[in-house]
Every structure is written in structure tokens, then in C-alpha cells.
There are 2 protein chains.
Amino acid sequence: MRSPDYRVYLVLDPGQCGGLAGMLRVSEAAIAGGAGLVQLRAPDWKKRDWLAAARALKTLCHARGARLIVNDHVDVALAIGADGVHVGQADLPAGVARALLGPDAIVGLSVSSAAELAEADLAAVDYLGVGPVFATASKPDAAPPLDLPALGALVSAARRPCVAIGGIDLNNAAAVAATGVAGVAVIGALCRAPDPTAAARALLKHFGDNR
Amino acid sequence: MRSPDYRVYLVLDPGQCGGLAGMLRVSEAAIAGGAGLVQLRAPDWKKRDWLAAARALKTLCHARGARLIVNDHVDVALAIGADGVHVGQADLPAGVARALLGPDAIVGLSVSSAAELAEADLAAVDYLGVGPVFATASKPDAAPPLDLPALGALVSAARRPCVAIGGIDLNNAAAVAATGVAGVAVIGALCRAPDPTAAARALLKHFGDNR
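What this report covers is the structure whose coordinates are included nearby. Note that the structure is a prediction, hence the values are computed from the model and not measured.

### Here we look at the pairing of strand β6 (residues 127–130) of chain B
All names here are of chain B.
Thought 1: The alternating pattern of β6 places Y127 and G129 on one face and L128 and V130 on the opposite face, and all of these are buried.
Thought 2: Here strand β5 (residues 106–111) pairs with β6 via four bridges, running parallel. Residue pairing across strands places S110 opposite G129, the latter belonging to β6.
Thought 3: Note that β6 and strand β7 (residues 162–165) share three bridges and pair parallel. Within β7, the position partnered with G129 by the bridge is V163.
Thought 4: In the classification by handedness, the crossover that spans β6, the intervening helix α7 (residues 147–157) and the parallel β7 is right-handed.

### Re the sheet that holds β6 of chain B
The strands making up a sheet are joined through hydrogen bonds of the backbone, oriented either antiparallel or parallel.
Thought 1: In space, the eight strands of this closed barrel follow the order β1-β2-β3-β4-β5-β6-β7-β8 (chain B), with parallel pairing throughout. Across this sheet, the average inter-strand angle for adjacent strands is 25°, counted without regard to direction.

### Notes on the state of the cysteines
Residue and element names in this part refer to chain B.
Thought 1: Using the criterion set out here, one finds zero disulfides over all chains in the structure.
Thought 2: The structure places no disulfide on C17, whose sulfur is separated from the nearest cysteine sulfur, that of C191, by 3.2 Å.
Thought 3: For C17, a relative accessible area of 7% corresponds to the buried category.

### Section: the pattern of salt bridges
Thought 1: Applying the stated criterion across every chain yields a total of twelve salt bridges over all chains.
Thought 2: Residue R98 of chain B pairs with D126 of chain B through a salt bridge whose shortest N-O separation is 2.7 Å. One end of the pair, R98 of chain B, is in helix α5 (residues 94–101); the other, D126 of chain B, is in the loop between α6 (114–119) and β6, and 28 residues separate them in sequence.
Thought 3: When its relative accessible area of 17% is taken as the criterion, R98 of chain B is described as buried.
Thought 4: A residue is classified by how much of its surface remains accessible, and D126 of chain B, at 28% relative accessible area, is partly exposed.
Thought 5: Ionic contacts of the salt-bridge type, sharing partners, join the residues K47 and D75 of chain A together with D72 of chain B into one network.

### Some details on the interface of chain A and chain B
Thought 1: Counting residues at the interface gives 20 residues for chain A and 20 residues for chain B.
Thought 2: Buried surface at the junction of chain A and chain B, summed over both partners, amounts to about 1,700 Å²; 62% is from carbon and sulfur atoms.
Thought 3: Run the count over chain A and chain B and you get four salt bridges.
Thought 4: Among the salt bridges present, the one from D72 of chain A reaches K47 of chain B, with a minimum N-O distance of 3.6 Å.
Thought 5: There are 15 residue pairs in polar contact (both at pLDDT 80 or more) connecting chain A and chain B.
Thought 6: Where the side of chain A that touches chain B is concerned, the elements lending two or more residues are α3 (47–63), α4 (74–80) and α5 (94–101) of chain A.
Thought 7: Per-element tally for the side of chain A that touches chain B: the top contributor is α4 of chain A, with five residues.

### Describing the packing of helix α2 (residues 19–32) of chain B against helix α10 (residues 196–204) of chain B
Residue and element names in this part refer to chain B.
Thought 1: Relative orientation of the contacting elements α2 and α10 amounts to 40°, with a least axis distance of 7 Å. Between α2 and α10, the interaxial angle falls into the category oblique. Taken as a pair, α2 and α10 cross one another with a handedness that is right-handed. On α10, the residues that touch V26, A29, A30 and A32 of α2 are P196, T197, A200 and R201.

### Some points on the sheet that holds strand β8 (residues 183–186) of chain A
All names here are of chain A.
Thought 1: Around the barrel, eight strands lie side by side as β1-β2-β3-β4-β5-β6-β7-β8; this closed barrel has parallel pairing. Between one strand axis and the next, the sheet turns through 25° on average, direction left out of account.
Thought 2: Two strands pair when backbone bridges link them, and strand β4 (residues 84–87) and strand β5 (residues 106–111) are joined in this way by four bridges, in the parallel orientation. In the strand pairing of β5, V85 is matched with V107.
Thought 3: Each of β1 (8–12) and β2 (37–40) touches helix α2 (residues 19–32); the most contacted strand, β1, lies at about 175° to it.

### Examining the side chain of H73 of chain B
Thought 1: Tracing the backbone through its elements, the reader meets H73 of chain B in the loop between β3 (67–71) and α4 (74–80).
Thought 2: Take H73 of chain B: its relative accessible area is 9%, and that puts it in the buried class.
Thought 3: Setting aside chain neighbours within four positions, we find H73 of chain B in contact with K47, H73 and D75 of chain A together with K47 and W50 of chain B.

### Some details on the environment of K46 of chain B
Thought 1: Along the polypeptide, K46 of chain B turns up in the loop between β2 (37–40) and α3 (47–63).
Thought 2: Classification of K46 of chain B by relative accessible area gives partly exposed; the value is 43%.
Thought 3: Measuring from C-alpha to C-alpha, the distance between K46 of chain B and D72 of chain B comes to 13 Å, with 26 residues separating the pair along the chain.
Thought 4: If sequence neighbours within four positions are ignored, K46 of chain B has contacts with A90 and D91 of chain A.

Parameters and conventions
- Residues numbered from 1 in each chain as written.
- Chains lettered and ligands numbered in written order.
- Predicted model: local features only at pLDDT ≥ 70, side-chain atom pairs only at ≥ 80, totals over all residues.
- Heavy atoms only, no water.
- Buried < 20%, exposed > 50% of the residue type's maximum accessible area, 1.4 Å probe, protein only.
- Helix = DSSP H or I, 4+ residues; strand = E, 2+ residues; numbered from the N terminus.
- Pairing = 2+ DSSP bridges.
- Right-handed = clockwise from strand over helix to strand, strands pointing away.
- Axes fitted to C-alpha atoms, helices over the stretch in contact; angles between N-to-C directions.
- Disulfide = S-S within 2.5 Å.
- Salt bridge = Lys/Arg side-chain N within 4 Å of Asp/Glu carboxyl O.
- Contact = heavy atoms within 4.5 Å.
- Buried area = accessible area lost by both parts, 1.4 Å probe.
- Polar contact = N/O pair within 3.5 Å; in protein donor to acceptor, adjacent residues only side chain to side chain.
- Parallel < 35°, antiparallel > 145°, perpendicular 65-115°, else oblique.
- Left-handed = near helix turned anticlockwise from the far one by under 90°.

Shown next as C-alpha cells:
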């Protein structure tokens, strides 16, 4: 499997998109603008809804050349054959996710500090989601923001591609890209964009063709 | 694998037990009194906590001849090699759980009405959890209570062993057993019992040796 295109990574929020129909609409538009990864993240949903949404999103993503990542729920990813999972520090350990999903799946892990990076099971991980870079309204329980110098230090120390997350928008994306991250993961900057295709294109341009 | 002993089925509630230490204490005592199945159910927990609790409970259950069932999270069940899962109407479908867990796992499904029974994927299911029989404080989002005549009608129509759940205690267990259920699933009647061993024995006696 070719390495994922981490440059523009859409993380879906059901509330900000207006439910599944909005999530599909935003995904389609963002992929048209260059988003290569789409993550389903719906912490308040029951799994029957996860399953239906993941199935529909996988069909859409694969038809348009993007990959679908399932947040947290490895069983949902297995059930629908998602491209991978993203786990946080309180979710199943990355090594458990890797063991359940096999070697071809994409496994991402959130890290928010040097201590979490030092403890990360990098052998099980394809990429790191590093953040929150800035304060964000999309994840009320997020850790304190890192800001750019600490992000840069984590990216330099990490031995995996890093995707920055947390409060990233069209205004600060250039500075974030300059830290050496492989890409940016965004929720509001795409889910609430009047034109998600244009927004994805604007984010993508900070990463050139350096996949 | 011998058929599970459904007669006394302990469903653990972290709040009522006082966390994992209390869940282990209640499980050990209830198994000593005859509980053959223990279910881990912690809807408010993150999966890292599920994993640790499920591992500890599996070790305890298997050392003492009981089986461990994981509520909802098939990935947790897979990760620790639980004996099975219990899924509700909004969780992953029983057929999906069966496909992920394989033919030897125990798969239980909640049904609360004749309509849900008619739609149940019985080929994927080992047992049905039928309820709530009575009003219960342990599950605030439960459906309206069935009461005994409707429970009896569902048990007669079901082509799988039925475990009654919801508000069952030492006072009403005899009447519940008389409907023909294979067993009773209880939360508070064991988790809040001063002596869970004695409470499990008192529930068990209504089912004789008719496993």
C-alpha cells in the first residue's frame, strides 16, 4: 500500500457537519480539494450509527481516492474494512489496534507531550497526531495547547510522520506547515467552511508536492 | 464448548460496585454463590479502562469456572479473548459481532418487544437478554417495563435461551423464573448486595439444576 497522503486530513464532526448527510457532503467536497484522509469521529454515537456512517464514507472515499480512518472503534473498522484507525491515549493501545487490524492497516496515535511521545509504541504506529497546537472548540476535553515551538520540537523528535491537529485554520496553516509536519488535521476549518473544496486546496498548498 | 450456565448472570456496574476493585470483589463473591456468567458493562468508560478491567475479570472468571461477556465492544472482547459479547439494539448487529468473533464465542442480544424479537438475527445469537422486566434504576435509558405476562410471551416465542433482565431481585425472582427463562441477569441485586454470595445462591435456587 502506498503511504497515505497526510497533507490534508479531514476529521469529521457530526454536529458541525449536520449529521451523516452533511458529513458525506463535506467529505466529497474536501476530497475534491485534495484531502487524502477522512476520519470518522463521533464520540456521542452508538455503534449502529458508526457502522452505517463508516460504510457510506468508505464507499465515498474509495471512489474518490481517499482513505477512511475510524476513530477509537477498532471493531467498526474491522466490520467495514476501513483503511485504519486513530487511537487516543485513553483508547485501545496502538499495539492492540495493530494486532487486531493486521500489518496493512493505517494506525495513528494522538500525542500531546514529549512524555506521551516517549511512551508511544512507535513500532505499531504509522503516524502521530500531534496537538492540540492551538485552543480548539471542537474537542472540549483536549489537553492544553502546545503552540508552535513545542509542536516543532515534537515533530523533530518523532520518528514517524506527524499530523498537526487542534485549532488549525487557513490563517495559521503556513506557520504550522513550517514546523515540518507531514500534514494538518482539521475539523472546523473544513466542516464549517462555506466551500470545503476551496478550503482544502488552501491548506494543501502549504505542503506543495512533498508527500 | 459446553453451553453457558445462564441461571445467574451478573452484570457489573462500576458505579454500584465502587470501581474495578469492587467489581472484582462482587464477581468473586457472586461466582462463589453460583453465578456462571459475568458481564462487563461500563458505558461511561474509555477503552483503555475497559481493556484493563476485562483482562482482570477474565483471569478471575476463568480461575473460578465462570465466563466473561463484554458489553458492546467487540474489539475489547477480541483483544482479551473474552468468552463473548452482549449487544443491544443500537450496538453492532449480532451478525457483525458473530463474524468478528467466530463460531465459538457467546453472542447475546437484547430484545425488549415482540417486534425486536421478530427482527432478531437468531442465527447469530446464543441467547436473548429480555427486558426490562420491571422498572430499574440501573439503566436510566431502558425501554418501558414488560412485566411478567409479556416476558412469558416473548420467552415462549423465542427460539433461543432467554435471560430476563431489569429490576429483578430476591423478591420477584421466583415469579420471573416461572415464565420459563433460562436465567436472570441482575445488576443491583448482586452489585449492591451486602453478601453477593448469598444473593447469588438465593437467585440460583429458583432454577434448580435444569441447565
